[in-house]
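# A structural walkthrough
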Protein chains: 2
Amino acid sequence: MWISRKTDYATRAVLALAIADGQRLNAQDLSRRVAVPDAFMKQILMQLRDAGVVRSERGPSGGYRLNHDPADITLERIVRIFQGQLAPIECATRHEPQPCSMEIGCSLRTVWAEVRDATIAILERTDFATLAAQSGGSWVPVGLTTKPYTV
Amino acid sequence: MWISRKTDYATRAVLALAIADGQRLNAQDLSRRVAVPDAFMKQILMQLRDAGVVRSERGPSGGYRLNHDPADITLERIVRIFQGQLAPIECATRHEPQPCSMEIGCSLRTVWAEVRDATIAILERTDFATLAAQSGGSWVPVGLTTKPYTV
DNA sequence: ATAAAGGAGACTAGGTTGGTCATATATGTG
DNA sequence: CACATATATGACCAACCTAGTCTCCTTTAT
Ligand code: SF4
Ligand code: SF4
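Note that the coordinates shown come from a computational prediction; the quantities given were computed from them, not determined experimentally. (Residues numbered from 1 in each chain as written. Chains lettered and ligands numbered in written order. Predicted model: local features only at pLDDT ≥ 70, side-chain atom pairs only at ≥ 80, totals over all residues. Heavy atoms only, no water.)

### Notes on the relation of the copies chain B and chain A
Operational definition: What sets the superposition is a least-squares fit of C-alpha atoms, and only residues with pLDDT of at least 70 in both copies go into it. We call two residues in contact whenever any of their non-hydrogen atoms come within 4.5 Å of each other.
Superposing chain B onto chain A takes a rotation of 180° plus a shift of 0.0 Å along the axis, which leaves an RMSD of 0.0 Å. Expressed as an axis order, the relation between the two copies is that of a two-fold axis. When C-alpha positions in chain B are compared against the rotation axis, the closest is assigned to Trp2(B), at 2.7 Å. When the interface residues of chain B are mapped onto chain A, 100% of them again lie at the interface, so the same face is used by both copies.

Structure representation (structure tokens):
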């Protein structure tokens, strides 16, 4: 239970943009498509923009679109933006692990490292082009009446 | 970073007891051996007792010992006691996943399920006899001067 | 000019984490 | 029995994190 709601929301947004296939979507539209409170969605989109994942255009008929080919955006990248390190415990991060007074000869730490590596492997090989393809072009919350992805 | 300090402390305690090989250790001794505040260690040992992992004896020269063969105690079991579900997100738990309005056709969810399965597989195949063996019979915090595991 | 969009940042209720402290109960030893 | 040493129980707490909201400002198409 370590994926925060915010991270989940962000991955939803990126997936929706990947499915939209280059179309520009505004924050409100996007927030309805992925069932996220729109004020919160805006905040999340800012972070995605700062991280270079999406780019924004202002003014009426402005909005957001992906900054790269969906095939080049991995789930690992999005998760890292919002969650930081992927190791289950601080002593087992790949980069600058936090020292622990028990770490000498700690066999637990190698297990956590295994979990870390397995997790990273899965998230790195998962890109949003594949995820979009698996969604078959349609992915909407239950109860959304407006036709999805048609202006 | 989803393993809480408490869970880490609990796994340390169980590993120390596994290394002690059936010897009875009291809370204070144990707390020094694994570098955990002793009042907190007691609280954790209560939870481990309630879960049936350790058994306790009261009075002078009382203490705790493992309730089963270390080979029969998996890391998965200890983690579940303190953390509950192992899935990275509520919608992807094996038992009674939390419904989500986006779940129909959600390709993200299958990825989280992959992460869940990989994690569980590693933690289930890791038992404390193996972990103890890998520690080579000695595992103490830096700075502990008293001879470990010799009365 | 106006309206529709993004941008920046302060604020917060409620829950979780990582503990502490006081007190009661059980038991081995002399 | 008295006493020291242990576990047992439960209340309590500060700090931090989560999941948001709200207000006001700037940009831009028409
Ligand atoms: S005890 Fe081992 S697993 Fe736990 S934090 Fe220290 S090094 Fe890591
Ligand atoms: S959007 Fe998909 S991954 Fe996220 S919570 Fe809903 S079902 Fe799970």
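### A short note on the domain arrangement of chain A
This is how it is decided: What marks off one domain from the next here is an automatic or database domain assignment.
Splitting chain A by domain gives domain 1 (1-73 + 128-143) and domain 2 (85-126). Each of domain 1 of chain A and domain 2 of chain A was reduced to a C-alpha centroid, and the two centroids are 30 Å apart.

### A look at the protein's contact with DNA strand D
The line we're drawing: In this text, near means that some heavy atom of the residue lies within 4 Å of the molecule or strand in question. Residues adjacent in sequence count toward polar contacts only when both atoms are side-chain atoms; beyond that, a polar contact is any pair of N or O atoms within 3.5 Å, and within protein one must be able to donate a hydrogen and the other to accept it. Classes in brief: Ala, Val, Leu, Ile, Met, Phe, Trp, Tyr, Cys and Pro nonpolar; Asp, Glu, Lys and Arg charged; the others, Gly included, polar.
Within the structure, DNA strand D sits among 24 residues, and Ala27(B), Met46(B), Arg49(B), Ser56(B) and Arg58(B) are positioned closest to it. A distance of 3.1 Å separates a phosphate oxygen of DNA strand D from a polar atom in the side chain of Arg5(A). In this structure, a base oxygen belonging to DNA strand D sits 3.0 Å away from a side-chain N or O atom of Gln43(A). Along the lines of polarity and charge, the residues of the surface near DNA strand D split into nine nonpolar, eight polar and seven charged.

### Examining the protein's contact with DNA strand C
Stated formally: Counting from the N terminus, the helices are the DSSP runs of H or I reaching at least four residues and the strands are the DSSP runs of E reaching at least two.
DNA strand C sits among 23 residues. The nearest are Met46(A), Arg49(A), Ser56(A), Arg58(A) and Pro60(B). Of everything in DNA strand C that lies within 4 Å of the protein, sugar and phosphate atoms constitute 78%. With respect to DNA strand C, the side chain of Tyr64(A) contributes an N or O atom lying 3.1 Å from a phosphate oxygen. For DNA strand C, a sugar or linking oxygen lies 2.8 Å from a polar atom in the side chain of Arg58(B). Among the elements of the structure, helix H3 (38-50), strand S1 (54-57) and strand S2 (63-66) of chain A together with helix H1 (5-19) and helix H3 (38-50) of chain B are those that each provide at least two residues to the surface near DNA strand C.

### A word on the site of ligand 1
Ligand 1 sits among Ile89(A), Cys91(A), Cys100(A), Met102(A), Glu103(A), Cys106(A), Leu108(A), Arg109(A), Trp112(A), Asp8(B) and Arg12(B). Chains contributing residues to the immediate surroundings of ligand 1 are chains A and B. Elements that contribute at least two residues to the shell around ligand 1 include exactly helix H5 (107-125) of chain A together with H1 of chain B. Of the residues forming the shell around ligand 1, the biggest block, three residues, is contributed by H5(A). Each residue belonging to the shell around ligand 1 can be placed in one class, and the counts come to seven nonpolar, no polar and four charged.

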